[in-house]
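# Commentary on secondary and tertiary structure
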Amino acid sequence: MGNLNNGIANAIGGNFIGNAMHSMRRKILFENRNDALQKLLHNMPLSFFEKQDCVVVGISFAGVFFAHRLAEAIKAPLAFLFTSPITAPNNSECEIAMATETHDVVINDPLVRSFGISLDYIYGEVQRQYEDKMLPLIYQYRKGNPLISLKDKRVLLVDEGIDSGLTALASIKSVITLQAKTVHFACPVAPIDVAEVMDEATDGIFCLYRSKNFVDIGYYYKDYPAIESSVIEEIFNNIRP
């Protein structure tokens, strides 16, 4: 786990170059989220997870639809891990790290060094993001209840795609902190270099397409509307504390 920061930093650097060189011709892989979900389900060993003491964990509001449907498919409990980005002091658009509700953090070390940002700032922001951003959401969507125990569980982290990898890797770090027995990750699409880092950080990643010249998640969907808040709330209402 100590190599996560370096690995993701190298992967992010590679993605910036790839995006700049990518052809403008769009490559559509999925008609919509449901199409991506069905293709993902057909390419996963669902029977393996059905026979295990498994918990499915969503890590983004955009991906909670995937997590919910996967949990239904393998008859496993569903949980949600809250995260929040940490941005550069003078640039709110530049994510330099990702924090989770367990106070774990993954840092983009080259960006932090290039901007001369101190670790004191980052870890101070971890606490502030928890208090100002994550804790209100925990009360709103989880009624203030803690994340269900993941100790000795086989955890399946799920999202609708991976871009920089900060959220995914911070989430992996969290479930390891929470003493999960195994950690797998499922998503339809990811940058190939970030996926390779995740191969090393998990017990397995199920990803339909690993893109060498990754653009962004929505680029690969023909129909990619925002998830309605009512859908998110309905899913959370079905999550047992």
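Structure report, in brief. (Residues numbered from 1 in each chain as written. Predicted model: local features only at pLDDT ≥ 70, side-chain atom pairs only at ≥ 80, totals over all residues. Heavy atoms only, no water.)

What follows deals with helix α8 (residues 192-201). Looking only at α8, the buried set comprises Val194, Ala195, Val197, Met198 and Ala201. One side of α8 carries all its buried residues, which in axial view fall inside an arc of 155°. (Buried < 20%, exposed > 50% of the residue type's maximum accessible area, 1.4 Å probe, protein only. Helix = DSSP H or I, 4+ residues; strand = E, 2+ residues; numbered from the N terminus. Arc of directions from axis to C-beta.)

Here we take up the pairing of strand β1 (residues 54-58). For β1, the tally of buried residues reaches five of five residues, placing the bulk of the element in the interior. Burial along β1 is two-sided: Cys54, Val56 and Gly58 facing one way and Val55 and Val57 facing the other are all buried. Summarising the sheet, β1 and strand β6 (residues 154-158) pair through five bridges and their orientation is parallel. Bridge pairing in β6 places cysteine 54 opposite arginine 154. Here three bridges tie β1 to strand β2 (residues 78-80), and the two strands are oriented parallel to one another. Pairing of glycine 58 across the sheet is with phenylalanine 80, part of β2. Assessed by its sense of winding, the connection that carries the chain from β1 through helix α4 (residues 64-74) to β2 is right-handed. (Pairing = 2+ DSSP bridges. Right-handed = clockwise from strand over helix to strand, strands pointing away.)

The geometry of helix α2 (residues 33-42) relative to α4 is characterised by a closest axis approach of 11 Å and an angle of 40° between their N-to-C directions. By the angle between their axes, α2 is oblique relative to α4. As α2 runs across α4, the sense of the crossing is right-handed. Across from Arg33, Asn34, Ala36, Leu37, Gln38, Leu40 and Leu41 in α2, the residues of α4 making contact are Phe65, Phe66, Arg69, Leu70 and Ala73. When its residues are assigned to classes, the contact of α2 with α4 shows eight nonpolar, two polar and two charged. (Axes fitted to C-alpha atoms, helices over the stretch in contact; angles between N-to-C directions. Parallel < 35°, antiparallel > 145°, perpendicular 65-115°, else oblique. Left-handed = near helix turned anticlockwise from the far one by under 90°. Contact = heavy atoms within 4.5 Å. Nonpolar A, V, L, I, M, F, W, Y, C, P; charged D, E, K, R; others polar.)

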